[in-house]
Amino acid sequence: MDRDFGRGLYIDGQWQQSRSGRSFPVTNPADGSVIAEIPDAGAEETRAAIDAAHRAFPAWAARPALERARILMDWSRAMEAHQDELARLMTDENGKPLAESRGEVTYAAGFAQWFGEEARRVYGEIVPAATSLKRIWVLRQPVGVVGAITPWNFPAAMVTRKVAPALAAGCTVILKPAEQTPLTAIAIVRLLEEAGIPPGVVNVVVGQDPVAIGDALLDDPRVRKITFTGSTEVGKHLMRRSADTMKRVSLELGGQAPFLVFADADLDLAVQGAIASKFRNTGQTCVSANRIYVEEPVVDEFAHRMAQRVKEMRVGRGTEPGVVVGPLIDRQGYEKVKLHLEDAVRQGASVATGGRVYESGGGFYAEPTVLVGVEERMVVMREETFGPVAPISSFKTEAEALERANATPYGLAAYAYTRDLARGVRVAEGLEYGIVGLNDGMPSTPQAPFGGFKESGQGREGGRQGMDAFLEIKFVSVGLG
Ligand code: NAP
């Protein structure tokens, strides 16, 4: 795979440098070393990308769905075929252990495959009319030019989860990947080019000033849709600013996931689920278990078993064999984890295992940590930690567990472990979250609709529903005379 990213902008089918000739470095979070210099684009390049996407839209929308699907299927296969190189690139810029990066490539390829399949199922409807002299058709048509903005924590999957359904629906796209992890995005768009995507249908704009790129997308009335994954703060800003041109918005934002363990649960299964949910990507995922609530009679046993397992987890560079927890993304992430840990300990929590947050060889690391005796007033229970810290608190009743789980402005993912079917149904229905893992710590999959309630966003990505975000509904009333 070509590792020269100097021409990392992709506009109207051309790989190019920024207009100013300026570039910026992408660094490896494991040691701070520079991996690549990429073009630093801003408003001017974004406007050129919008021009290209706007020009390309009518022909792309008019292509038969099966042709669009074929390109998506080829793209999916190409990502799988380049799994090892993509994974290595992802680990270099994001830090996650190689095995996780490989898993993410498969996950990312899965979205291209799923939406390649869904492309052929954009059905309309014929609705019975009130008179024999009319017919009512309901058509679903592509929304138009899409601005897609993605975060650093899943550098491949967040791109395909947006770009694949947009292309399947017949939309054209300007992609703005996170400035910390643009290389994986560039690499997978190169594969999309090889799969035969026509010029202008997908454009990539990378830069150090997200506001310049974002504002150019927001201000242009030709951009009909903003799809965003990232922080709630930026999501709200994009939603407000989209109002002026009434753009459609889909927002996948922050989470504050509760993880409930009832006394009747299979405790080993619950520990396994909590570890998968909490420590994947060094705890830097939006669906990461942020608050673990365990029913009083089993809290000590659960914490003990979890600490035993967590103690064995190795921290280090994602490329080292046996490492399961990589570096944190940057100093800011490190400061946040440190603050959450220090605040909890100062307010009376105890460290069952881990607890060290440190700088080493230019990278920022945190040991996988289990905290016990945690209370709601602590920052670690009130804010998304985005790091490998598992705070455990106890509860007495199902009602209390649900009340505490729901007492947050967020509503992305929640988890519950129980062997009681009736309780499982009650709790799954009572949790005010868009995703519930019932005896499942890893619910995300291309086949299912992913998204949040409340301030965790709006709209769904993945699943059959993932196409809806890129389709307008048109009603045609046909008069027969
Ligand atoms: P972020 O700071 O909001 O950044 C996300 C993206 O938005 C980046 O590409 C960023 O560009 C861009 N951006 C920042 N300010 C912007 C602006 N004013 N206009 C336009 N674009 C702008 O979030 P993050 O720190 O990368 O990601 C972590 C957050 O994402 C967490 O809260 C996590 O829970 C959430 N997340 C949610 C999901 C989900 O599916 N719900 C999935 C993953 C992550 P730069 O990189 O240049 O700053």
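Residues numbered from 1 in each chain as written. Predicted model: local features only at pLDDT ≥ 70, side-chain atom pairs only at ≥ 80, totals over all residues. Heavy atoms only, no water.

**Re the packing of aromatic side chains**
1) Next: Scanning the model with the defined rule gives eight aromatic pairs in all.
2) Next: Pairing Phe-262 with Phe-395 gives two aromatic rings, centres 5.2 Å apart and planes at 75°, and the pair type is edge-to-face. Highlighted residues: Phe-262 in the loop between strand S12 (257-261) and helix H9 (267-279) and Phe-395 in strand S20 (residues 389-395), separated in sequence by 133 residues. The exposure classification of Phe-262 matches that of Phe-395, with both residues buried.
3) Next: Measuring from centroid to centroid gives 4.9 Å for Tyr-334 and Phe-364, while their planes differ by 40°, and the two rings are tilted. Of the two residues, Tyr-334 is situated in helix H11 (residues 331-346) and Phe-364 in strand S18 (residues 363-366); the sequence distance between them amounts to 30 residues. The same class applies to Tyr-334 as to Phe-364, namely buried.
4) Next: Each residue in the set Phe-259, Tyr-415 and Tyr-417 is aromatic and connected to the rest through ring pairs, giving one cluster.
5) Next: Positioned over the ring face of Trp-15 is Arg-190, at 5.3 Å from the centre of the ring.
6) Next: The ring of Phe-470 carries the charged tip of Lys-225 above its face, separated from the ring centre by 5.4 Å. (Phe/Tyr/Trp six-rings, centres within 6.5 Å; stacked < 30°, edge-to-face > 60°. Helix = DSSP H or I, 4+ residues; strand = E, 2+ residues; numbered from the N terminus. Buried < 20%, exposed > 50% of the residue type's maximum accessible area, 1.4 Å probe, protein only. Lys NZ or Arg CZ within 6 Å of the ring centre and 35° of its normal.)

**Overview of empty space enclosed by the protein**
The probe, sized like a water molecule, is rolled over the atoms to show the empty space still left.
1) Next: Taken as a whole and judged by the stated rule, the model has two cavities of 30 Å³ or more.
2) Next: Space inside the largest cavity adds up to approximately 70 Å³.
3) Next: Its residues assigned to classes, the lining of the largest cavity comprises six nonpolar, one polar and two charged.
4) Next: Both domains that meet at the lining of the largest cavity, namely domain 1 (5-253 + 456-477) and domain 2 (257-443), each give it at least three residues. (1 Å grid on protein atoms, 1.4 Å probe; cavity = no way out; pocket = protein on both sides within 12 Å on 5 of 7 lines; lining within 4 Å. Points joined across faces, edges and corners; volume = space filled by probe spheres on them. Nonpolar A, V, L, I, M, F, W, Y, C, P; charged D, E, K, R; others polar. Domains from an automatic or database assignment.)

**A short note on the site of the ligand**
1) Next: The full set close to the ligand counts 29 residues, and Thr-150, Glu-179, Ser-231, Leu-253 and Glu-384 are the nearest of them.
2) Next: One of the side-chain nitrogen or oxygen atoms of Lys-176 is found 3.1 Å away from an oxygen atom of the ligand.
3) Next: Within the side chain of Ser-231, an N or O atom sits 2.6 Å from an oxygen atom of the ligand.
4) Next: Cavity membership is defined here by more than half of the atoms lying within 2 Å of grid points; on that basis the ligand lies in the largest pocket. (Near = heavy atom within 4 Å. Polar contact = N/O pair within 3.5 Å; in protein donor to acceptor, adjacent residues only side chain to side chain. Sits in = over half its atoms within 2 Å of the grid points.)

**Observations regarding the nonpolar core**
1) Next: Core analysis: the biggest nonpolar cluster contains 84 residues, and Trp-75, Met-79, Leu-167, Val-173, Ile-197 and Val-202 have the highest contact counts within it.
2) Next: Residue contributions to this core peak at nine residues, all from helix H5 (residues 157-169).
3) Next: With sequence-adjacent residues up to four places away left out, Ile-197 is seen in contact with Tyr-10, Trp-60, Ile-71, Leu-167, Leu-192 and Val-202.
4) Next: One finds Val-294, Val-310, Met-313 and Phe-450 within the second-largest nonpolar core, a separate group that totals 36 residues. (Core = buried A, V, L, I, M, F, W, Y, C linked by side-chain atoms within 4.5 Å. Contact = heavy atoms within 4.5 Å.)

**So, the domain arrangement of the chain**
1) Next: In terms of domain boundaries, the chain breaks down into domain 1 (5-253 + 456-477) and domain 2 (257-443).
2) Next: Here the C-alpha centre of domain 2 lies 31 Å away from the C-alpha centre of domain 1.
3) Next: Across the contact, 24 residues belong to domain 1 and 28 residues belong to domain 2.
4) Next: If you sort the residues of domain 1 by the area they bury against domain 2, Ala-30, Trp-152 and Ser-456 come out on top, with a joint share of 26%. (Buried area = accessible area lost by both parts, 1.4 Å probe.)

**Topic: the sheet that holds strand S5 (residues 125-127)**
1) Next: Here three strands make up an open sheet; going across it, the order is S5-S6-S26 and the pairing antiparallel. The sheet is open, and its two borders are formed by S5 and strand S26 (471-479), each paired with just one other strand. In this sheet, neighbouring strand axes are inclined to one another by 25° on average, regardless of whether the strands run parallel or antiparallel.
2) Next: Note: S5 against strand S6 (residues 134-142), three bridges, orientation antiparallel. (Pairing = 2+ DSSP bridges. Axes fitted to C-alpha atoms, helices over the stretch in contact; angles between N-to-C directions.)

**Some points on the pairing of strand S8 (residues 172-176)**
1) Next: Burial analysis of S8 places five of its five residues in the buried class, the great majority of the element.
2) Next: The side-chain alternation of S8 yields two buried faces, one formed by Thr-172, Ile-174 and Lys-176 and the other by Val-173 and Leu-175.
3) Next: Two elements, strand S7 (residues 145-149) and S8, share five bridges in a ladder whose sense is parallel. By the bridge assignment for S8, Val-145 is matched with Thr-172.
4) Next: Where S8 meets strand S9 (residues 202-204), three bridges bridge the pair, whose relative direction is parallel. Counterpart to Val-173 in the pairing with S9 is Val-202.
5) Next: Once you follow S8 into helix H6 (residues 182-194) and on to S9, the crossover reads as right-handed. (Right-handed = clockwise from strand over helix to strand, strands pointing away.)

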